[in-house]
Structure formats: structure tokens, C-alpha cells
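# Remarks on the overall topology
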Amino acid sequence: MRHRSMGIALATAAALLSIPAQAASGAPAAAAADTPLSQGKAATASSTENAGTPASAAFDGDTGTRWSSAATDSQWLQVDLGASANLSKVVLNWEAAYAKDYKIQVSGDGSTWSDLKSVTGSDGGTDTVDVSGSGRYVRMQGVSRATPYGYSLWEFQVFGTGGTTQPGDTCSTANAAKGRPATASSTENAGTPASAAFDGDTGTRWSSAAADPQWVQVDLGSSQSICKVDLNWEAAYAKAFKIQASADGQTWTTLKDVTGATGGTTSYDVSGTGRYLRIYGTTRATTYGYSLWEVGVHTGSGGSGGPIEGGGDLGPNVIVVDPSTPNLQAKFDQVFSQQESNQFGSQRYQFLLKPGTYNNINAQLGFYTSISGLGLNPDDTKINGDVTVDAGWFNGNATQNFWRSAENLSLNPVNGTDRWAVAQAAPFRRMHVTGGLNLAPNGYGWASGGYIADSKIDGTVGPYSQQQWYTRDSSVGGWTNGVWNMTFTGVQGAPATNFDTGPYTTLDTTPISREKPFLYLDGNQYKVFVPAKRTNARGVSWPANAGSSLPLSQFYVVKPGATAATINQALSQGLNLLFTPGVYHLDQTINVNRANTVVLGLGLATIVPDNGIDAMHVADVDGVKLAGFLIDAGAKKSDTLLQIGGSGASADHSANPTSMQDVFVRIGGAGPGLATNSVVINSDDVIVDHTWIWRADHGDGVGWETNRADYGLVVNGDDVLTTGLFVEHFNKYDVLWNGERGRTIFFQNEKAYDAPNAAAITHDGIVGYAAYKVADSVNTHEAWGLGSYCNFTSDPTIVQQHGFQVPVKAGVKLHSIQVISLGGKGQYAHVVNNTGAPTSGTDTIPSKITSFP
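## Structural notes on the sheet that holds strand S35 (residues 547-551)
Taken in spatial order, the 3 strands make up an open sheet running S32-S33-S35, and their pairing is antiparallel. Only two strands of the sheet have a single neighbouring strand rather than two, namely strand S32 (518-522) and S35. The mean inter-strand angle of the sheet, taken between neighbouring strand axes irrespective of direction, is 40 degrees. Note that strand S33 (residues 525-531) and S35 share 5 bridges and pair antiparallel. Within S35, the residue paired with Val-528 across the bridge is Leu-550.

## Notes on the packing of aromatic side chains
Going through the model one piece at a time under the given rule, you end up with 35 aromatic pairs. Look at Phe-59 and Phe-156: their rings are 5.4 Å apart centre to centre, the planes differ by 40 degrees, and that puts the pair in the tilted class. One end of the pair, Phe-59, is in the loop between strand S1 (43-45) and strand S2 (67-68); the other, Phe-156, is in strand S7 (residues 152-162), with 97 residues separating them in the sequence. Judged by relative accessible area, which is 2%, Phe-59 ranks as buried. The interplanar angle of 35 degrees and the centroid separation of 6.1 Å between the aromatic rings of Trp-737 and Tyr-772 together place this pair among those described as tilted. Of the two residues, Trp-737 sits in strand S49 (residues 735-737) while Tyr-772 sits in strand S53 (residues 772-774), which places them 35 residues apart along the sequence. We classify Tyr-772 as buried; its relative accessible area is 0%. Ring pairing ties together the aromatic residues Phe-344, Phe-367, Tyr-368, Trp-393, Phe-394, Phe-402, Trp-403, Trp-692 and Trp-694, which thus form one cluster. Geometry around Trp-252 places Arg-278 over its ring, the cationic atom sitting 4.2 Å from the centre. The lysine or arginine in question, Arg-404, covers the ring of Phe-367, its NZ or CZ lying 4.5 Å from the ring centre.

## Quick notes on the pairing of strand S4 (residues 99-107)
Among the 9 residues that make up S4, 7 are buried, leaving the element largely enclosed by the rest of the structure. The sheet contact formed by S4 and strand S6 (residues 126-145) spans 8 bridges and is antiparallel. Residue pairing in the sheet places Ala-99 in a bridge with Arg-145 of S6. Pairing of S4 with strand S5 (residues 114-119) involves 5 bridges; the strand directions are antiparallel. Of the residues in S5, the one forming a bridge with Ile-104 is Lys-117.

## Some details on unusual backbone geometry
That bond from Asp-212 to Pro-213 is cis: its omega, -10 degrees, falls within 30 degrees of zero. Topologically, Pro-213 is positioned in the loop between strand S9 (206-207) and strand S10 (214-233). Cis geometry is found at the peptide bond from Gly-449 to Gly-450, where omega equals -15 degrees. Position of Gly-450 among the secondary structure elements: in the loop between strand S25 (436-438) and strand S26 (451-453). Not every positive phi belongs to a glycine, and Asn-536 is a case in point at roughly 50 degrees. Looking at the secondary structure, you find Asn-536 in strand S34 (residues 533-537). By relative accessible area, which is 52% here, Asn-536 ends up exposed. The phi torsion at Ser-816 lies on the positive side, around 55 degrees, for a residue other than glycine.

## What to know about the nonpolar core
Among the nonpolar cores identified, the biggest contains 85 residues, and Phe-579, Ile-590, Ile-607, Met-616 and Leu-626 are the most heavily contacted of them. Apart from the residues lying within four places of it in its own chain, the contact partners of Leu-626 are Val-599, Met-616, Val-618, Leu-642, Ile-644, Ser-659, Met-660, Gln-661 and Val-663. In this structure, Leu-328, Ala-426, Leu-437 and Trp-479 belong to the second largest nonpolar core, which totals 36 residues.

## Section: empty space enclosed by the protein
If a probe the size of a water molecule is rolled over the atoms, the empty space left behind becomes visible. Scanning all chains against the criterion turns up 3 cavities of 30 Å³ or more. As a volume, the largest cavity reaches approximately 210 Å³. Among the secondary structure elements, those contributing two or more residues to the lining of the largest cavity are strand S16 (349-353), strand S18 (369-373), strand S20 (404-407), S32, strand S40 (598-609) and strand S44 (659-667). Split by residue class, the lining of the largest cavity holds 9 nonpolar, 9 polar and 5 charged.

## Examining the environment of Ala-426
Tracing the backbone shows Ala-426 in the loop between strand S22 (417-419) and strand S23 (428-429). Counting along the chain gives 111 residues from Ala-426 to Gly-315, while the straight-line C-alpha distance between them is 23 Å. Excluding its chain neighbours within four sequence positions, the residues that come into contact with Ala-426 are Asn-401, Arg-404, Trp-420, Tyr-451 and His-690.

## Here's the deal with the environment of Thr-273
Take Thr-273: it is sitting in strand S13 (residues 265-284). Residue classification places Thr-273 among the partly exposed positions, given a relative accessible area of 22%. C-alpha separation for the pair Thr-273 and Gln-244, spaced 29 residues apart in sequence, amounts to 9.8 Å. Non-local contacts of Thr-273, meaning those with residues more than four positions away in its chain, are made with Ser-223, Gln-224, Ser-225, Ala-245, Gln-569 and Ser-572.

## So, helix H3 (residues 328-339)
Taking 1.5 Å of rise per residue, the 12 residues of H3 would be expected to cover 16 Å, and the 17 Å separating its terminal C-alpha atoms lies within 8% of that figure. Buried within H3 we find Leu-328, Phe-332, Val-335, Phe-336 and Gln-339. An end-on view of H3 places all buried positions within 100 degrees of arc, on one side of the element. Relative to its buried face, H3 has exposed residues pointing more than 90 degrees away, namely Gln-334 and Ser-337. In the core, the buried residues of H3 are packed alongside strand S15 (318-321), S16, strand S17 (356-364) and S18.

## Focus on the confidence of the model for the protein
Of the residues in the protein, 94% reach a pLDDT of 70 or more, and the chain-wide mean stands at 91. The model gives residues 1-33 a pLDDT under 50, and that stretch makes 45 contacts with residues more than four places away or in other chains. In the model, residues 301-305 has pLDDT below 50 throughout and makes 11 contacts with residues more than four positions away in sequence or in other chains.

About the thresholds
- Residues numbered from 1 in each chain as written.
- Predicted model: local features only at pLDDT ≥ 70, side-chain atom pairs only at ≥ 80, totals over all residues.
- Heavy atoms only, no water.
- Pairing = 2+ DSSP bridges.
- Helix = DSSP H or I, 4+ residues; strand = E, 2+ residues; numbered from the N terminus.
- Axes fitted to C-alpha atoms, helices over the stretch in contact; angles between N-to-C directions.
- Phe/Tyr/Trp six-rings, centres within 6.5 Å; stacked < 30°, edge-to-face > 60°.
- Buried < 20%, exposed > 50% of the residue type's maximum accessible area, 1.4 Å probe, protein only.
- Lys NZ or Arg CZ within 6 Å of the ring centre and 35° of its normal.
- Core = buried A, V, L, I, M, F, W, Y, C linked by side-chain atoms within 4.5 Å.
- Contact = heavy atoms within 4.5 Å.
- 1 Å grid on protein atoms, 1.4 Å probe; cavity = no way out; pocket = protein on both sides within 12 Å on 5 of 7 lines; lining within 4 Å.
- Points joined across faces, edges and corners; volume = space filled by probe spheres on them.
- Nonpolar A, V, L, I, M, F, W, Y, C, P; charged D, E, K, R; others polar.
- Expected span 1.5 Å × (residues − 1).
- Arc of directions from axis to C-beta.
- pLDDT = per-residue confidence, 0-100.

This is the structure we're talking about:
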């Protein structure tokens, strides 16, 4: 069930009516003659209307984003300039919900404020207010609203001199929590309230109910860099607890996980950013509840050196070239020689080709290597030559050609046909091949891929030995043969469905799609193009290119060595993320809380959660774009590697869904990895467009319990669409779908090779967990082009009950489904539920059902 207040809907409608023409068209807004001191700086507010209108949106230089407040008069918006500045002018670009009366105020410490100017009788629009004064913090303090809604600003610009980042801030000795509002999960009685732990009096205390877990939290009033926390425990102390921070009081990041504590008075050095701080007790040391005399919170830069700046260079592992770059072929060859067989190494590379024509190039791509054109359209960057993936390193077997990509290029192959013999996690996006495309390795050895989107292949695509393939919103001159599962949606020139007798399943259009964001050059400036959502798409999205561009200055360019605290600080400031190639170990969960945030990776940038934390949480907000990175499970078990939307999420995102594209998840292979859940989607309307969620069957750290991961993809949200879904080898369900009206177009699966015996995977009287289970409670679900394969190498006698398990209801429909025994190592008894012929023998022949029920 979705809920949306009428007030928010009307305010949003009013906002849309007042968007300036340049913002609505996606063109960059005109900038002031001089850059405001406030742009991109840390911002806070007394309130926000919703997660899509944060304080940071008024300081991002984008007149298409805005801050809006709660609908009361005494509301404020402030910015930290980083250091004291001499102020000359403030420019306020009001949305339709403007302030009739307000004050511009300044402060040296963010606590004590002086009025610079009182404005009365404003008529909205753009107010330019001349001021004279100095300070580090500048605030718009609302006095009276002009409408029934809150206050809303497209941009709040502060001009003057100074305001540079203050280096070397230290951890303050002052207690930022003293006297601040506090709440708790429970109190023992009225004499031990939450506030007593923050009153500066060691003779008063908070105490909780006698149960685990319990928590007490404080609102610091604005986002702060938190560097130390003091705890003064009463006799009823916590043996194990977490110190956590949050931007909104709902989504929490663990700053310190304490076990084996002994109570008393202790201090903990931490590093993180948040408005709220929480002590979350998990294990009591006594039979009583938790009890704290005092909690002290100390703030400062935490070593961050002030606000994070956007933009900058692209780091050491991005190779930018143009047609005049000397020895270009040698550069490609050098990286390929290192990466050709480097399946689980830590090196990552991204080639970026500036627009122009490149002659006599053969860019062979190994592991963790991506190649992209920097034009706005594929034909801006032309290669008279090839981008090649072959399987010589693996004796002509292409089934392990993972983790590489090609994007936004035009290829004129030397011999008329380019070779792209890949397996999973190797997208071919936004490409124009003025010839044919061969998806098989030299010698036509085994191949297990793959994915094409938003591409034109003028000639014929030949999959040959490819077992399965998904192609979306593209154009092909022809398509010849295939093995088991070739699925097409929105592809001009695609073959007709013939699943009764062959491998093809074809839908004329893709119901909902949005192409992946990509980096390009606008003159000499890097920008990220964010394509618009399409409905019932057919053919490529270019050269029309509906969408908008974001300057690199609105991205924190993440480079090797960056910490999770810095990444989260950048996000809290309103920056997007551009991960450059590298491996990033995290000691905090990355929290994406702002609507329309872009998190884009280059060169298969890889994030690894350490110490059992989750890797990334996305709030239940509109339009987040996750694209182009790999999450690698850590050695200590995480609960959920990627979570989209908190538990119970129910907001309607149909107009602007969150998308997850070329985001890959791996548990084991590069070393032991553990996770209960790999990806959990709680938000409604999410688009999952090409993912490979893989519990490793080879490499290091592989074993039934060594890299245990129970679930691959769990969908709890409604109206979720997956296109190009590859999920393999999980200990329980590979896909578990609990949300209503879900849709999947193309699914590829192998069951876990290493199931030790039938007993280990027997549940509810059923042998084997279905590869794709739709919960019994679901009433409406539909899927096309599904395949599950078994290869029970540890016990070939296992007979799996079925590949797919769904409720038998009129609204639940499956099309083009099959199960396959790979060489007779295990068998399936049925395809769906108890329907469909069993597999048998060693001939690797599919058992199919054209439609169910």
C-alpha cells in the first residue's frame, strides 16, 4: 500500500510549474559572475519536507533541485563556509513556496547569531540582498511564509571573500550533546529519562527496561563531524554495544562496535558525521537494563580538513587517451597482459577515449578493465579496429570471462566482425558496431553470457556457443542461432519467439527502462549524463539523449585510500559519488539518503565491507542511480550487502524509480566472504537492469560454509522490475520475491555446485531450494525467459524438486521457462512446482514449459 500526503503532492506540483526553463530541459543553469562561497559546502536545516528536498540541494549549483521545510513559520536553512568570510551579498532563488518575511543571519560558531538584514514583504522569485559582516556560518531564518506550505529555495548563494577550508581542526573539548533533545527505546521509570544522560549532571541517569537491545540517542541539532564519545556507566552497564550516527534519526551508521566492555567511565575515538548519535546496547552485563550517568559527544573535523570538495582529477587507474596519444596500442596491450588471467586480483583499470577517430586499434579486455568513449554519442568516438574479448587464457573456454565492459563507442571491425566472447558481468552498452558481432570464443568453445543494451549492430549477431543472452532496447541487422535462452525486449531486428522449438523469447518493447549514467566531455569539462526513464522502449536512446547532465564538481571523486567516513561526509553534503578504479575497504556502511543521488563506478571499482557491516544502504527516496561497481563480501558475515529502502518502505517512486545497473555482488572467490543476504530491495518501483549476484563456485575461500550466503536477491517492494537477472549458487533461495506485481525479463541461474547432499538442502519436505521463488502470499507476478541449471559436483545423486516455485493463482504467470542438468551431475524432478518433465541422463537437454500455468 502506498501513501502520499495531499500537501506534498500539491507542493511538488507547484514546484514543477516553477522550474526555470534551463533546469527543466537539463541544460546547466547560468552561473553568477563569481562563484559563491557557499556552493557545495556543508548545509543543515531546521527541517526538510521530505528526503528529496535536503538542505544540501540549495547549495549544489543546480536550479532543478531544492530545499523545502516543514509547513511552519520559524524554520531556517544554514551553510558552513568552512572558515570565517567577509560577506557582501546573499542571493536567494525562491521556489513557489517563498518567505514573505525573513532574516539573513551570521555566526562564528553556528550557535550565536547576529542579524545582517531583515527582509519584509518579499514577493518571491530571486532576492539579491546586500549585506556587510563576517562569519563562518550564514543562515536564512524564516519569519513568515507567503503560502500554506513551508519555505522552499532552489538556491541560496553567499558571496564575499575568504571562507576557505580551515585545515587541521581538532576534536573539541566541549560536549556537543549537553542539554540537547534526547530519546530512548525505553525508560525504567519516570525518574530515569533519556535527557538525564545529557544534562551534564553525574548524579542523574537514564536507565532502560531490562531487555536486549535498548538504545538512547541525542539530536545534536545539525550535522556534525563526531570525533570522540565519552560514556559514564552506572552499575548496570553494557557488555556489548554500538556507537552509531545518523543524518535523519532513521538510518544508522556504526562508528564503533564495542564488545567485552567493563563499564565505568570510558572514551572512544570515532570518525563519522551525523546529526544524531545513538548508544545501541546489544548485550547487558547484569540482569537489569542499561544505565548511563552521562554521554559526552565531541565534534570537530575528525581529520577531514573541513567540507569535501567535488570534482578533481580521476586518479591513478583511469587512462585518458586521444587519437594522437603515442604508443596507444602498447598501452592497451600492457594492461591486457597483466589482466588477461587476473581473475581475482586487486588491479582495476578504466580506459577513457576522447572523441575522435582511432585507427588500427585492437583493445583486448581482460579482467576488471573497462573501455568507454567520452562523447555524448557512441559515434563521437570511432575505432577503426576492434574491442576484443577472447578465451585464449582459458584454453578457448569463455565461461569465466567476467568483470569487464565496453560502452559508448563506435567500432568498425577490421575483418567486419568484432569478437565479444564474455560470460556474466560483462556489459556491452551504448555501442555501435558497423559490422557484425561474434559472441563465441575462437574455436567456438563453451560460453556463458551475457548482456547487450542500447546498442546498434549493423550486421548479424552470432551467439553460436553462448548458452544464454539478454538484449534490450537495441537494433541488430540479424541474429543467428543460440543454445538455450536468448531473450530480447525492445530490439529492432530481433528474431521471433520460438521457445517451443528453439531458444528465442521476444517482447516488442521493454516496459520500463532507463539507461546507465555515463561520464563524457563537454568541451574540456567532465560531466555525467543521466538518461531519462523510458516506457515501452524500442531501439536505442541516442542520439536523442533525453536526460540531464551533472558537472563533475557535483561528484566526490573517490580514489584509492578514501575512507567510508569521508564518503559519507560527501554524501551528507549533497555530493554524488564517482568511484575511480580500485578496491575500497569500508569500516562504515555507505548511506545514500538523498533523492536523485548518482553512485557511479569506473573500471569495476570494488567496495568491501569489513567487520561484518553492510556495504551500502539506500534510503526510500526517489531516483537514486547505482551503476558500474562490484560489492565483494568481507570475511566477517554481513547481514545485507546492499539494501535499497528501509524495512517497511512504501513510498510511490513510479515517476522516478531508483535503478541498479551493472552493480555486481560476489561472495567468496577473492577470499572468504560471508553474508546472509546479498541484495534486499524494500523500496517500490526499483529497476534492476543487469546484475550478477554470485556466490563463488571457484577461487579462494570457497566451501559450503566457508563462503556461505543464504539468499541472492530478496524483493520485498512492490512493482519491482528486473531486466537481465543473473543470480547463482546460493545456499538457500537464489531469488525470493515477496512484493506484489513484480516482473522479471530474463533470468539465468545455476544452483550451488557444492551442496553436500540432499539432506543439506531439504526444507518443508522439498529437496532443494527453488532458484526463483515467488512467495505464497503474492497475487500478481510475471516473468519471461527463465533458466535454472544444476551441477551438483559434491553429490551428483541429488534430485532437485524444481527450479521454480510459485503460487498457483491467475495473476502469477511464467513464460519460457526451463531447467537443465549439466552433464548429469544432479537432476530436476520438475520445472515449476510439480509441473514439467524431469531432466535425465548426461545429455544436457532442457526440460521446458512454454507458459505456466
